[in-house]
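Chain and residue survey
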Amino acid sequence: MFDLFAYLNCSHSPAVEDAWRLPEHEQPDGYTDVGFWTDLASSLEAGGFTGLFFADAYNVADNYRGSVDPAVRRGEQVPENDPLPLLSALAAATDRLGLVATASTSLYPPYLLAKKLSTIDDLSDGRLGWNVVTSAGRLEFANVVGEYLPHDERYDRAEEFLEVCYALWESSWDDDAVVEDAETGTYADPDAVSFVGHVGDHYDVPGPHMCAPTPQRTPVLFQAGQSDRGRDVAARHAEATFSFHLSRGGFASYADDVARRAADAGRPRDSYALYPAITPYVAPTTAAAENARDRVADAIDPETGLVRLSNHLNHDYAQYDRDAPLEAIDAEGIRGALEAFSNDDREWTVGEAGVRYARYPAAELVGTPEAVADELERWSAAGADGFVILAPVVPRTFDDVCRYLVPELRDRGLLPDRGDPADATLRERLFGRERVAESHPAAR
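Residues numbered from 1 in each chain as written. Predicted model: local features only at pLDDT ≥ 70, side-chain atom pairs only at ≥ 80, totals over all residues. Heavy atoms only, no water.

Focus on empty space enclosed by the protein
Applicable threshold: Definitions used for this entry: grid spacing 1 Å over protein atoms alone; cavity, a set of points where a 1.4 Å probe fits but cannot get out; pocket, an open set with protein on both sides within 12 Å along at least 5 of 7 lines; lining residue, one with an atom within 4 Å of a point. Grid points are joined across faces, edges and corners, and a volume is the space filled by probe spheres set on the points. Numbering of helices and strands runs from the N terminus; a helix is a DSSP stretch of H or I covering at least four residues, while a strand is a stretch of E covering at least two. Gly falls in the polar group here, along with every residue not listed as nonpolar (Ala, Val, Leu, Ile, Met, Phe, Trp, Tyr, Cys, Pro) or charged (Asp, Glu, Lys, Arg).
The final tally for this structure, using the stated rule, is 4 cavities of 30 Å³ or more. Considering the residues around the second largest cavity, the lining is formed by 13 residues, among which Val132, Leu162, Gln223, Val233 and His237 are closest to the centre. Counting only elements with at least two residues in the lining of the second largest cavity, the list comes to β4 (128-133), α7 (151-171), β9 (220-223) and α8 (228-237). Looking at the lining of the second largest cavity, the element that brings in the most residues is α7, giving 4 residues. The residue makeup of the lining of the second largest cavity, split by class, is 10 nonpolar, 3 polar and no charged.

Shown next as structure tokens:
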């Protein structure tokens, strides 16, 4: 059975920045309107999606040509609002939809973020997922924390950040701490609330946590790192991974690698899920699906992808001839951004990679519902537990998935109507349990 998550951001375009040129793309006018988001969330819930997945960025990138001008001109993840405040409105508008949002361990203090995420888990009745990321942009650090952190040090801090959050969420309050005893005048039992007393290399957090236990305590943990270090962190901590691959073979190799690392960390395969990104163009006929894909491709300016690639890798791709081969570099940015290209079965030039990266390095599945469902089954056999759906045109791409692809998946028994209760948490929907698995470090 597949889980489908809709990939979104609080900007004009979640997947293809140049899509604002297309009149059928409604998000450029809608992303500042809460009604746009609640309508979209309701439609996705009714249409068969398991959840929403919000990406986020924290700076106006200046890596391409050493200036913010190209990013601003191309609308490369700017302007962009914060998804965390939006989740409460989406929780009120839906009953079952999972709500996953990105928040950076490099920029937030762990005590502050733990409180924010606990609050959302409470308000959503346990439907929160946290996409754990480290920040990569130099301006992100300059604007928030000052000193830039190299790639591996960011992950060192992230692992300790998670330790602090686990202690606050899992250990600080007993399940029965809140007693509301009018006779003794006791709202919560002080003996059931503990300091966590964390003293580490990067954080000193005494506690206790501000929030009483929420439905999940620890939100469902997503992770999107594809570098070698990112995969290690995912193998130890992620309950769900989100990854980019240009081919099914590239994903299969990634799935095998994560499984090996997770096994080394003592985590069985049923303790985490793998969700590769795909971009579906699905229509009643192959010609109609190809036409939808071609309209999006024709709207793309090659420079937009190079601005995005430069942003994600902290490396200026304006310095290369566009016909030069794309080569591996020791980037301090999001190193996994190159993984999809380096693991593909063809060689890419800088210009080709830019055009492709403008719509993200995710597999594009183009065709009838039957043809797309056939391919999803092949990805499932390679290890996919579901998919993160990239939508070049919002809401049309999602509408087409709900209208054409979901019924086909349900007919095949791949996306049946769940029988879980309306008040089930996100973790219960994904794994059949409310709390983290015993093999997870948060449980230990």
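So, the pattern of salt bridges
Pairing is possible between side chains of opposite charge, provided their charged atoms come close. Keep this limit in mind: What makes a salt bridge here is a side-chain nitrogen of Lys or Arg within 4 Å of a carboxyl oxygen of Asp or Glu, nothing more. Each residue's exposure class comes from its accessible area (1.4 Å probe, protein chains only) as a fraction of the maximum for that residue type: buried when under 20%, exposed when over 50%, partly exposed otherwise.
Taken as a whole and judged by the stated rule, the model has 28 salt bridges. A salt bridge links Arg65 to Glu303, with the nearest nitrogen and oxygen atoms 4.0 Å apart. Taken as a pair, Arg65 in the loop between β2 (51-54) and α3 (69-74) and Glu303 in helix α11 (residues 302-313) lie far apart in primary sequence, 238 residues in all. Taking relative accessible area as the criterion, Arg65 reaches 53% and is therefore assigned exposed. Taking the shortest distance from any N to any O, the salt bridge between Arg261 and Asp228 comes out at 2.7 Å. You can see Arg261 sitting in helix α9 (residues 248-264) and its partner Asp228 sitting in helix α8, a full 33 residues away along the chain. Each of Asp228, Arg231, Asp232, Asp257, Arg260, Arg261 and Asp264 takes part in a single network of salt bridges with overlapping partners.

Description of the packing of aromatic side chains
Quick reminder of the rule: Only Phe, Tyr and Trp rings take part, Trp by its six-membered ring, and two of them pair if their centres are within 6.5 Å. Stacked means planes under 30 degrees apart, edge-to-face means over 60, and tilted covers everything else. We call a charge positioned above a ring when the Lys NZ or Arg CZ atom is no farther than 6 Å from the ring centre and deviates by at most 35 degrees from the ring normal.
For the structure shown, the criterion picks out 22 aromatic pairs. Note on Phe36 and Trp37: the rings are 5.1 Å apart at their centroids and 80° apart in plane angle, and the pair reads as edge-to-face. The interplanar angle of 25° and the centroid separation of 5.6 Å between the aromatic rings of Phe251 and Trp379 together place this pair among those described as stacked. Taken as a pair, Phe251 in helix α9 and Trp379 in helix α14 (residues 369-381) lie far apart in primary sequence, 128 residues in all. As far as the burial class goes, Phe251 and Trp379 line up, both buried. Taken together through their ring pairs, the aromatic side chains of Phe5, Tyr7, Phe53, Phe222, Phe242, Phe244, Tyr275, Tyr357 and Tyr360 make up a single cluster. It is Arg138 that lies over the ring of Tyr148; its NZ or CZ is 4.1 Å from the centre. When the ring centre of Tyr404 is taken as origin, the NZ or CZ atom of Arg403, which lies over that ring, is 5.5 Å away.

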